[in-house]
Amino acid sequence: MDPYTPAPDPRGWRRGYLAAWVAIPFTVIQIWAMAIVLTTARFDGPAAVAVPLALSGTMVAVLAGWRWAWRLGRKASEQRRPALIT
């Protein structure tokens with residue numbers, strides 16, 4: 001163990017935990033909304049293009065939210081160490 005490594009900041013874990021609590025309801029709402037759209041939409045005309053675009057937008061939004069939650073809790077609070085000169 002490196003004696004010069006700073007101790008991990010417990011606030012980073014708390015921020016990630018709270019971010020996950022924001023991302024979980026958002027994910028559930030997005031999945032529910034897309035399930036409703038997929039069960040009620042008719043796939044002819046412009047809807048044949050709009051539904052796949054909406055589905056891909058939903059997937060991107062959910063992945064971005066979870067990436068944000070992961071990064072916020074992972075290393076947001078770590079301090080950078082100066083490079084060792086050898």
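See the structure above.
For every chain, the first residue of its written sequence is number 1, and the numbers climb from 1 along that sequence. Per-residue local features of the predicted model are confined to residues with pLDDT of at least 70, and side-chain atom pairs are confined, for both listing and counting, to 80 or more; whole-chain, interface and lining totals are unaffected and use all residues. Hydrogens and water molecules were not included; the side-chain quantities draw on all heavy atoms of the structure.

**Q** Hey, could you run me through the overall build of the protein in this one?
**A** Strands are runs of DSSP state E lasting at least two residues, helices are runs of H or I lasting at least four, and both sets are numbered from the N terminus onward. Across its full length, the protein carries two helices and zero strands. The buried label goes to any residue with under 20% of its type's maximum accessible area, the exposed label to any with over 50%, and the partly exposed label to all in between, with areas taken from a 1.4 Å probe on protein chains only. Taking all 86 residues of the protein together, 16% fall into the buried category.

**Q** I'm lost on the environment of G73 in this one. Help?
**A** One can find G73 in helix α2 (residues 47–74). The partly exposed category is assigned to G73, whose relative accessible area is 25%. Sequence spacing of G73 and G16 is 57 residues, and the spatial spacing of their C-alpha atoms is 3.4 Å.

**Q** Looking at this structure, I do not really get the side chain of T27. What am I missing?
**A** Positionally, T27 belongs in helix α1 (residues 10–40). Looking at T27, the relative accessible area reads 13%, which means it is buried. By definition in these notes, contact holds between two residues if any of their heavy atoms fall within 4.5 Å. Apart from the residues within four sequence positions on either side, T27 is in contact with V62 and W66.

**Q** Please clarify how the environment of L18 should be interpreted in this entry.
**A** In this structure, L18 sits in helix α1. A residue is classified by how much of its surface remains accessible, and L18, at 55% relative accessible area, is exposed. Distance from L18 to A69, taken between C-alpha atoms, is 8.2 Å for residues 51 residues apart in sequence.

**Q** It is not clear to me how the side chain of T58 should be interpreted in this structure. Could you clarify?
**A** Structurally, T58 can be placed in helix α2. A relative accessible area of 11% means that T58 is categorised as buried. Sequence-distant contacts of T58, that is, excluding residues within four places in its chain, are made with Q30 and M34.

**Q** Help me understand a nonpolar patch on the surface, please; the structure alone is not making it clear to me.
**A** A grouping of Y17, L18, W21, I24, V28 and W66 is seen on the molecular surface, where their side chains present a nonpolar patch of about 620 Å² in accessible area. Top contributing element to the nonpolar patch by residue count: α1, with five residues. Secondary-structure assignment places W66 in helix α2. On the basis of relative accessibility, which here comes to 33%, the residue W66 falls in the partly exposed class. In this scheme, patches are assembled from residues that exceed 30% relative accessible area and form no salt bridge. Like charges are connected within 9 Å, while nonpolar side chains (Val, Leu, Ile, Met, Phe, Trp, Tyr) are connected within 5 Å. Per-residue accessibility takes into account occlusion by the displayed protein chains alone, with areas from the Shrake-Rupley method and a 1.4 Å probe. The working definition used for a salt bridge is a side-chain nitrogen of Lys or Arg within 4 Å of a carboxyl oxygen of Asp or Glu.

Remember that the coordinates give geometry; whether it matters functionally is a separate question.
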